[in-house]
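# Observations on the three-dimensional arrangement
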Amino acid sequence: MQAGTVLFSEMTPPPEMEEAFNAWYDNEHIPLRMAVPGFLGARRYCRKEDGKYLAIYDMESEATLGTAAYREVKENPSDLTRQMLSSVSGFSRYIANHIGTQRRDGLDGDAMEAPVLYAVFFNVPEDRHGDFNEWYEVDHVPALLRNKDWLMCRRFAVTLGEPWDVTHLALHYLRSADALDSEERKLARATEWRARLAKESWFKAKYLLFERISRRFVPEV
């Protein structure tokens with residue numbers, strides 16, 4: 001089942017707690033959520049330059065986060081969870097609903113298992129959503145997917161989040177970070193359509209680059 005909603009959640013543990021943090025996240029934090037109906041899977045990532053960890057949760061819909069089962073998990077944390085959450089910094093949390101997915105033609109395997117994740121955020125005025133979404137789908141992503149290491153893009157409309165005020169999230173799945181310096185990306189960023197949008201004051205993206213560090217977590221059958 002394709003996720004209708006993602007939860008994008010970042011946090012940074014103190015260096016001296018990093019090993020304990022990862023054990024807690026893999027063995028308690030994610031499994032508790034995988035037991036909640038509506039959660040479909042999760043993967044973990046890390047930004048090597050600053051030690052920030054990311055988890056992306058796939059859910060059936062945003063309604064999953066309003067269920068009694070989820071509230072039970074979130075509102076009744078264990079002592080270990082309280083300890084960990086009181087120790088982390090750099091917290092961010094975005095809830096976003098699926099707009100569309102585009103994959104490289106002829107791709108073998110699961111692009112979600114790509115070793116590199118490139119996340120791009122935009123804050124787009126409501127009256128510009130149509131043009132922005134069309135540019136991204138028709139002009140921008142097809143140009144990026146011409147690169148052999150650019151595997152897939154999943155796009156989402158952000159409904160709630162902090163600390164940034166954003167409306168759109170694109171998750172790009174890369175075989176290698178070298179794709180970011182490729183000729184295909186340079187051409188994708190040099191089209192007339194993008195140049196027109198780039199003249200508008202709101203056209204300022206936030207970019208985050210992560211390495212995948214976990215297998216896919218899934219609910220137990």
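Here, the structure is the one placed above.
This is a predicted model, so every value here is computed, not measured.

For the structure shown, the criterion picks out 4 cavities of 30 Å³ or more. Roughly 90 Å³ of internal volume is contained in the largest cavity. Taken together, 14 residues line the largest cavity, and the ones lying closest to its centre are Val 120, Tyr 136, His 140, Arg 189 and Tyr 207. Counting residues per element, the ones that place at least two in the lining of the largest cavity are β5 (116-122) and α4 (129-144). No other element matches α4, which puts 4 residues into the lining of the largest cavity. Of the residues belonging to the lining of the largest cavity, the class tally is 9 nonpolar, 2 polar and 3 charged. In this structure, the second largest cavity encloses a volume near 50 Å³. Taken together, Ile 99, Val 120, Phe 122, Phe 132, Tyr 136, Arg 155, Phe 156, His 168, Leu 169 and Ala 170 form the lining of the second largest cavity. Looking at the lining of the second largest cavity, the elements with two or more residues in it are β5, α4, β6 (150-162) and β7 (168-174). Per-element tally for the lining of the second largest cavity: the top contributor is β7, with 3 residues.

Attention shifts here to the layout of surface pockets. Counted as a void, the largest pocket has a volume near 340 Å³. As for the largest pocket, its lining consists of 20 residues, and the residues nearest its centre are His 29, Arg 33, Lys 74, Thr 81 and Leu 85. Of all the secondary structure elements, the ones that give two or more residues to the lining of the largest pocket are β1 (5-12), α1 (18-34), α2 (68-75), α3 (79-87) and β4 (89-103). For the lining of the largest pocket, the leading source of residues is α1, giving 5 residues. Of the residues belonging to the lining of the largest pocket, the class tally is 11 nonpolar, 5 polar and 4 charged. In this structure, the second largest pocket occupies an estimated 240 Å³ of space. If you trace the second largest pocket, you find 13 residues lining it, with Gln 2, Ala 3, Asp 110, Met 112 and Arg 154 closest to the centre.

We now examine unusual backbone geometry. With an omega of 10 degrees, the peptide bond between Glu 162 and Pro 163 qualifies as cis. Among the secondary structure elements, Pro 163 is positioned in the loop between β6 and β7.

Within the secondary structure, Arg 33 is located in helix α1. Taking the C-alpha atoms as reference points, Arg 33 and Phe 217, separated by 184 residues in sequence, lie 9.9 Å from one another. Not counting chain neighbours up to four residues away, the residues in contact with Arg 33 comprise Phe 39, Tyr 57, Tyr 70 and Val 73. A polar contact is formed between the side chain of Arg 33 and the backbone oxygen of His 29, at a distance of 3.0 Å.

Parameters and conventions
- Residues numbered from 1 in each chain as written.
- Predicted model: local features only at pLDDT ≥ 70, side-chain atom pairs only at ≥ 80, totals over all residues.
- Heavy atoms only, no water.
- 1 Å grid on protein atoms, 1.4 Å probe; cavity = no way out; pocket = protein on both sides within 12 Å on 5 of 7 lines; lining within 4 Å.
- Points joined across faces, edges and corners; volume = space filled by probe spheres on them.
- Helix = DSSP H or I, 4+ residues; strand = E, 2+ residues; numbered from the N terminus.
- Nonpolar A, V, L, I, M, F, W, Y, C, P; charged D, E, K, R; others polar.
- Contact = heavy atoms within 4.5 Å.
- Polar contact = N/O pair within 3.5 Å; in protein donor to acceptor, adjacent residues only side chain to side chain.

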